[in-house]
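Notes for the structure review
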Amino acid sequence: MTLFIEQCLNGLQFGLLLFLLAAGLTLVFGIMDLVNLAHGSLYMIGAYFAATFAAWTGSFVLGALLALAATLLVGMAVEVIAMRRLYGRDHLDHVLGTFGLILFFDEAVRLIWGPEGLSLPLPPWLNTPVQILPGFQYSAYRLAIIVVTLAVAGFLYVLVMRTRIGMLIRAGASNREMVGALGVNIKLLYTLVFGLGAALAGLAGLMQAPILTVQIGMGENILIIAFVITVIGGIGSIRGAFIAALLVGFVDTLGRAFFPDLLRLVLSPNAAATAAPALSSMLIYLVMAIVLVVRPEGLFPAVRK
Amino acid sequence: MSGALTIRNSVVFVLLAALALLPLYVGLGGNIFVLTLFTRIVILAMAAVSLNLILGYGGMMSFGHAAYLGIGGYAVGILAHEGIYSGFAQWPVALFASALFALVIGALSLRTRGVYFIMITLAFAQMAYYIVAGLARYGGDDGLTIYKRSQFFEPVNLSNKVQFYYLCLTLLFGATYLVYRLVNSRFGMVIQGARSNELRMRAIGFPTYRYRLVCFVIAGTLCGLAGALLGNHTDFVSPSMMYWTRSGDLIIMVVLGGMGSVVGPLIGAVALLVLEELLSGITEYWQIILGPLLLLVVLFARGGIDGLLAKAGAKGQP
Amino acid sequence: MSEPLLQVENLAKRFDGIVATDDLALTVAAGELHAIIGPNGAGKTTLISQLGGQLTPDSGHIRFDGHDITALPMYRRSRLGLARSFQITSLFLDLSVLDNVALAVQAHTGHSFRFWRNARAEAELREPARAALERVGLGARADLPASVLSHGEHRLIELAMALVGNPRMLLLDEPMAGLGPEESARMVEMLRALKKELTILLIEHDMEAVFALADRITVLVYGRVIATGAPAEIRSNAAVREAYLGEAEAEGTGHG
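Residues numbered from 1 in each chain as written. Chains lettered and ligands numbered in written order. Predicted model: local features only at pLDDT ≥ 70, side-chain atom pairs only at ≥ 80, totals over all residues. Heavy atoms only, no water.

With that settled, consider the confidence of the model for chain C. Any segment with low pLDDT has predicted coordinates that should not be analysed in fine detail. Residue and element names in this part refer to chain C. Overall, the predicted model of chain C reaches an average pLDDT of 84, with 94% of residues at or above 70. Of all the helices and strands in chain C, helix H9 (residues 238-251) carries the lowest mean pLDDT, 65, while strand E8 (residues 199-203) carries the highest, 92. Model confidence for the complex: the whole-complex pTM is 0.85, and ipTM, which rates the interface, is 0.85. (pLDDT = per-residue confidence, 0-100. Helix = DSSP H or I, 4+ residues; strand = E, 2+ residues; numbered from the N terminus.)

With that settled, the discussion passes to the interface of chain C and chain B. Contact residues are listed per partner, giving 34 residues for chain C and 28 residues for chain B. Between chain C and chain B, the buried area comes to about 2800 Å², and carbon and sulfur atoms account for 60% of it. The interface formed by chain C and chain B includes four salt bridges. Arg186 of chain B is the partner of Glu124 of chain C in a salt bridge, and the nearest nitrogen-oxygen pair spans 2.9 Å. On the surface where chain C and chain B come into contact, there are 17 residue pairs in polar contact (both at pLDDT 80 or more). Looking at the side of chain C that touches chain B, the elements with two or more residues in it are helix H2 (74-80), helix H3 (97-108), helix H4 (123-135) and helix H5 (151-163) of chain C. In terms of residues, the side of chain C that touches chain B owes the most to one element, H3 of chain C, which gives five residues. Class assignment for the residues of the side of chain C that touches chain B results in 16 nonpolar, nine polar and nine charged. (Contact = heavy atoms within 4.5 Å. Buried area = accessible area lost by both parts, 1.4 Å probe. Salt bridge = Lys/Arg side-chain N within 4 Å of Asp/Glu carboxyl O. Polar contact = N/O pair within 3.5 Å; in protein donor to acceptor, adjacent residues only side chain to side chain. Nonpolar A, V, L, I, M, F, W, Y, C, P; charged D, E, K, R; others polar.)

All names here are of chain A. Relative to the 32 Å expected for 22 residues at 1.5 Å per residue, helix H3 (residues 60-81) spans 31 Å between its end C-alpha atoms, a close match to the ideal helical length. Packed against the buried residues of H3 are helix H2 (39-57), helix H4 (91-113), helix H5 (140-162) and helix H8 (186-208). Where H3 starts, the residue carrying a side-chain oxygen 3.4 Å from the main-chain nitrogen of Val61 turns out to be Ser59. (Expected span 1.5 Å × (residues − 1).)

With 46 residues of chain A at the contact, the number on the chain B side is 40 residues. A combined buried area of about 4100 Å² lies between chain A and chain B, and 79% of that area is made up of carbon and sulfur atoms. Here chain A is connected to chain B by three salt bridges. Residue Arg302 of chain B is joined to Asp93 of chain A by a salt bridge in which the shortest nitrogen-to-oxygen separation is 2.3 Å. Taken together, chain A and chain B are joined by six residue pairs in polar contact (both at pLDDT 80 or more). Residue contributions to the side of chain A that touches chain B peak at 15 residues, all from H4 of chain A. Split by residue class, the side of chain A that touches chain B holds 29 nonpolar, nine polar and eight charged.

In structure tokens form, the structure reads like this:
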């Protein structure tokens, strides 16, 4: 039973992390109509910055904050230098151009940090188990991730729904020309939105770093999942991204943990052992396929599209 | 493709002739490595030509085309692993498996458009990657060595580098010609019309979904054949053949070469892979150059090399 | 000839609370040119989209030539003999003019799962396409890319494409839209000639053209029919004057 609770919490934590990533992707698409394949690269850069800054400053938290700021800056720089020229173009152009950026970033990281990858160790105060329920302990760090991501989700909600900037973001989403005509500096708005998306990606990257990995190519791996989430949730919809991310987080985590056992009930141990890894990986794509058949536009599509 | 003596047609002709005569050059004392490199180029060119059918002519931005390279390759690899070396068994399986995969994925994906379509094809192809990587019996992540190439009748011997090169080249030319006839046929007109204005096509009376699906399956099957060739060429298959960034490579070839003609992708494959070879000789960090270069092509030379050649020719004419 | 060619009953369509089509009834007799007029926002394009199959009504029935086509997909209506042109020109701009019209021909000649023969060399497709283009006066421009033609010529290509299937009835959504005086006159003559050969349902703002061509006029306001009848009746109908013609007289007749 505790295993089940633990896996549920892991699923929640994974889902929330994915939400950060997907939210950035869908925000940029919803506001600027931009497909950004290099979103995963920003995720990777966040992790690399965090590992480096934490090593320099000796503090995990300080390293994380510096990494966040650095990723934000990189994001804004990318927007000004490259993304601006892609607005309004065919989506294929976005795909190709940002794919080129992936190549560039992967190689740049390899140039600066070498091909080996880095590690980001946790400080002792985070690397301890915490008692949540009698007889059940859970990693403090994973709890911290849950808390931080929920806080960020809350912040995003407040930002988009209740502030003037959020109103501009939503207005931009529905009527670009109008917002521009109102004298709002659309260029600056877009830069900030893109920067926000980058920061979200970077945050996700640096938070998962101590648990999973800091290596070249990590962006490409996770980008697919972000896409699956966006398809399931509906492009341009942050609420959709949230629900879909949690769904994907649970299905993937619980699936990998318990699906092999389920298989063993129906298949021979040999067959189950062979099929399990492959089928577990497939689960989230099956969910996506089902959603596509039932509701091709996603579960909570943004009204505009 | 007009027959006029333009700069563009001349370049294409020279390229095709060079490809045909390459083994002679190698035989006359050239480096055997060149033959190996160009066999790979020819195979990937075939994959790119098949992608252009749906991407350039059909307007279907599939980001999962590399999956078929993997399916074709693994069909050969798995059967070889199980002791079935006959090409007459392996290759039909490669084609059939590719067609089936394309049919299922296409049926689901073609209900969507634009960005959704890109993401969905990408995700499904990645799913195939994970499935294959999970097959421990066939090497999983490490891949699978092929100890014996596909066997056909004597005197056909795929281990003979020159023979194998000419086989690949013939199949490339055949595939290119097939695509040429397809896009100019009635079927091709429907596909092109659907790319140009899908709503209008439906309004004038075409059930576009089924035509696009057939097109999607044809493209996937052709690429599966390229996959079977690739497996034979490298004597090895691994899930990385199908990783989604390989689909990106194929798209680069198509766009770099030019989407507007059937030989564009061929030009693109040659250009990209030769460029990679040259650049990697200069620096191991060549992708740092390739990345921004791609962005520049997208921004300023959207018609690809083919387009640039056509413009160059037009300038010289009244 | 008792059964009308087109019969619409109780047609209704809402968009998020806005009633675009409100319990609409309409009949079009075979051989007539029936015009639909009404102020902006009256739901004219919504109506024609439901007739053409681009939109599905929420309720009501549409019968064409005896068939219930209410939920029939677009491409089937075309094959039944009901063709539509679009208000906003919707062509295959990256293909040639002839290619555009030939595609319309192709839609009506058997299936298109032919993979080998060069479609551009098929007389079965090219001849009727050229003929249709001649009919609308664009014969000389057939081999140019569609993108280089003027807006007025695009409207004519639209018309040619609608004509190739030898439809029994044409749904024309503002064929004069964006045309200058000379091109408008040309279009009116074209429609006058076509009137003799097929049934036409026409949405238009150009009152001069409407009153010159129409056998009957239906007036739409807020998705409802407020009057139907011969041009003279409509001209003198008080409700219509109030709701609409007053506006139009202030605007003037030519537009483009």
